[in-house]
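Listed below, chain by chain, are the residues.
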Amino acid sequence: MYQIKLLGIIFCVSFLISACDDSPTGPEEEGDRIVEGVNITKLFAEPTSTEISAILLEWEGRDAAAEGIQELLTAPLLLGTAQATLRVVSHTVGGVQHFGVIVAPAGASPASLPVLIYTHGGDSGVNIDETLVFLPFALGGIGDDFVYVVPSFRSESLIFDGNTYQSGGEPSPWDLDVDDALALLNVALETTPEADPTRIGVVGFSRGANVGMLMAVRDPRIDLIVEFFGPTDFLGPYVQELVEEALQGNPRDLPGLDHLNRTFIQPLMSGALTIEDVRPELLRRSPVYFADRLPQLQGHHGTLDVVVDVSQAERLIEVMEQLGRSEPEFEFYLYEGGTHNPLSLPGSIDRSAEFLSRLFAPLIAAQ
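Residues numbered from 1 in each chain as written. Predicted model: local features only at pLDDT ≥ 70, side-chain atom pairs only at ≥ 80, totals over all residues. Heavy atoms only, no water.

Novice: An account of the sheet that holds strand β14 (residues 330–335) is requested, with residue identities and associated values reported.
Specialist: Read across the open sheet, the nine strands follow the order β3-β4-β5-β8-β6-β11-β12-β13-β14; overall the sheet is mixed. Among the strands making up the open sheet, the edge pair consists of β3 (67–79) and β14. Averaged over all neighbouring strand pairs, the angle between strand axes comes to 15°, with direction disregarded. Both strand β13 (residues 296–302) and β14 contribute to a ladder of six bridges, which runs parallel. Directly across from Gly-302, in β14, lies its bridge partner Tyr-335. Along the sheet, helix α5 (residues 176–191) makes contact with β3, β4 (82–93), β5 (96–105), β6 (113–119), β8 (147–151) and β11 (195–205), crossing β4 at roughly 125°. Here helix α11 (residues 348–356) sits on the sheet and contacts β6, β12 (224–228), β13 and β14; the angle it forms with β12, its principal contact strand, is near 170°. (Pairing = 2+ DSSP bridges. Helix = DSSP H or I, 4+ residues; strand = E, 2+ residues; numbered from the N terminus. Axes fitted to C-alpha atoms, helices over the stretch in contact; angles between N-to-C directions. Contact = heavy atoms within 4.5 Å.)

Dropping the structure here:
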């Protein structure tokens, strides 16, 4: 009899906990929006605290340690106006081979230079020749004073001086991209004496902007971020619209969307995956739900961006304001008529350089 009562108490407590959590994946209710058999209302419901905690716990268990580090190529380089050394390195992270580039100005003292991680946009890999022309030029007077860390993402190519290095694994836009970038950061700090591990920034564009924000959420070593037109909320109305179009057989041609469609959306529609399977995939790609962990951040977004809708920027601004985050630790610029191109956002490059120059001065204390 005692055991029966105990089981009853456990059942009641479990039921109450579940009810209090207000799980969004329960039975279909009147008024739910259903598209091609998928309950869109449940899929895109506001995440619960339990769901957010589960993602944080999962991230804590991920290992971004780099193993089997190899230096494949070393080359002299003119970085802006200064001589530098470029290294192409290989390592494995999570059992997947990964390639990246580390650049350090010549003659710098140990731990004298801040680290700047560049996380690229799109899903066509990264061209190092183009990157290392653009970045130092854009950053002006401070452009040749960083240790640059440039990851490719898994399954992508890294191109330098006519050579192509192909990272392994299956694509994982916005998710395992973070593991790849953090692993390369670990390689840079381990193998680059000039790098100062207490001064680390990220500048990212589009997909890479999202990756940069998630890197900072997961790794408190990152001091600041400059993000250009990055997605911030995969549970918001814009992504819901994209998913509904994909379910109806009309997916847009956007970077990363083909992967989401093939890997999650279509299997969800066919019944191979459930809403409970797919919601964590959307949540772990959504930095707004972990914004309390973001460091200093500067953002740039155009109002006519047709790749990442400006509502994604507005959502981040809304959440940061709710958290009481404001200048100087959080600043965001919306550019009337701007598109998915930094050259259409007047003044954004100069603002970015000024923000990144904080890495050369004592960091502004959190408000």
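On we go from here.
Novice: I'd love a proper account of the layout of surface pockets, names of residues and values included.
Specialist: Estimated volume of the largest pocket: approximately 310 Å³. If you go around the largest pocket, you meet 16 residues; those closest to its centre are Tyr-118, His-120, Gly-125, Asn-127 and Glu-130. Every element with two or more residues in the lining of the largest pocket is listed here: β7 (126–127), α4 (128–138) and β9 (157–160). At three residues, the largest contribution of residues to the lining of the largest pocket is made by α4. Partitioning the lining of the largest pocket into residue classes produces six nonpolar, eight polar and two charged. There is about 190 Å³ of room inside the second largest pocket. As for the second largest pocket, its lining consists of 13 residues, and the residues nearest its centre are Trp-59, Leu-182, Arg-218, Asp-219 and Pro-220. Of all the elements in the fold, those that place two or more residues in the lining of the second largest pocket are α3 (49–61), α5 and α6 (207–218). Per-element tally for the lining of the second largest pocket: the top contributor is α3, with three residues. The residue inventory of the lining of the second largest pocket, partitioned by class, reads six nonpolar, one polar and six charged. (1 Å grid on protein atoms, 1.4 Å probe; cavity = no way out; pocket = protein on both sides within 12 Å on 5 of 7 lines; lining within 4 Å. Points joined across faces, edges and corners; volume = space filled by probe spheres on them. Nonpolar A, V, L, I, M, F, W, Y, C, P; charged D, E, K, R; others polar.)

Novice: Talk me through the nonpolar core; I want residue IDs and the actual numbers.
Specialist: If you look at soluble globular proteins, the nonpolar side chains tend to sit buried side by side. Membership of the largest hydrophobic core comes to 72 residues, with the highest contact counts inside it found for Leu-43, Phe-290 and Leu-294. The biggest single contributor to this core is α5, with eight residues. (Core = buried A, V, L, I, M, F, W, Y, C linked by side-chain atoms within 4.5 Å. Buried < 20%, exposed > 50% of the residue type's maximum accessible area, 1.4 Å probe, protein only.)

Novice: Lay out unusual backbone geometry in plain terms, naming residues and giving numbers.
Specialist: Trans is the common state for peptide bonds, and a negative phi is the common state for residues other than glycine. The residue after Glu-327, namely Pro-328, is reached through a cis peptide bond having omega 10°. When you line up the elements, Pro-328 lands in the loop between α10 (311–322) and β14. Despite not being glycine, Ala-111 shows a phi value in the positive range, around 55°. Relative to the elements of secondary structure, Ala-111 occurs in the loop between β5 and β6. Even without a glycine there, the phi angle at Trp-174 is positive, about 70°.

Novice: Before we move on, could you go through the pairing of strand β10 (residues 163–166) and cite the residues and values that matter?
Specialist: Here four bridges tie β9 to β10, and the two strands are oriented antiparallel to one another. Of the residues in β10, the one forming a bridge with Leu-158 is Tyr-165. Counting the residues in the hairpin turn of β9 and β10 gives two residues, including Asp-161, whose phi is positive at 50°.

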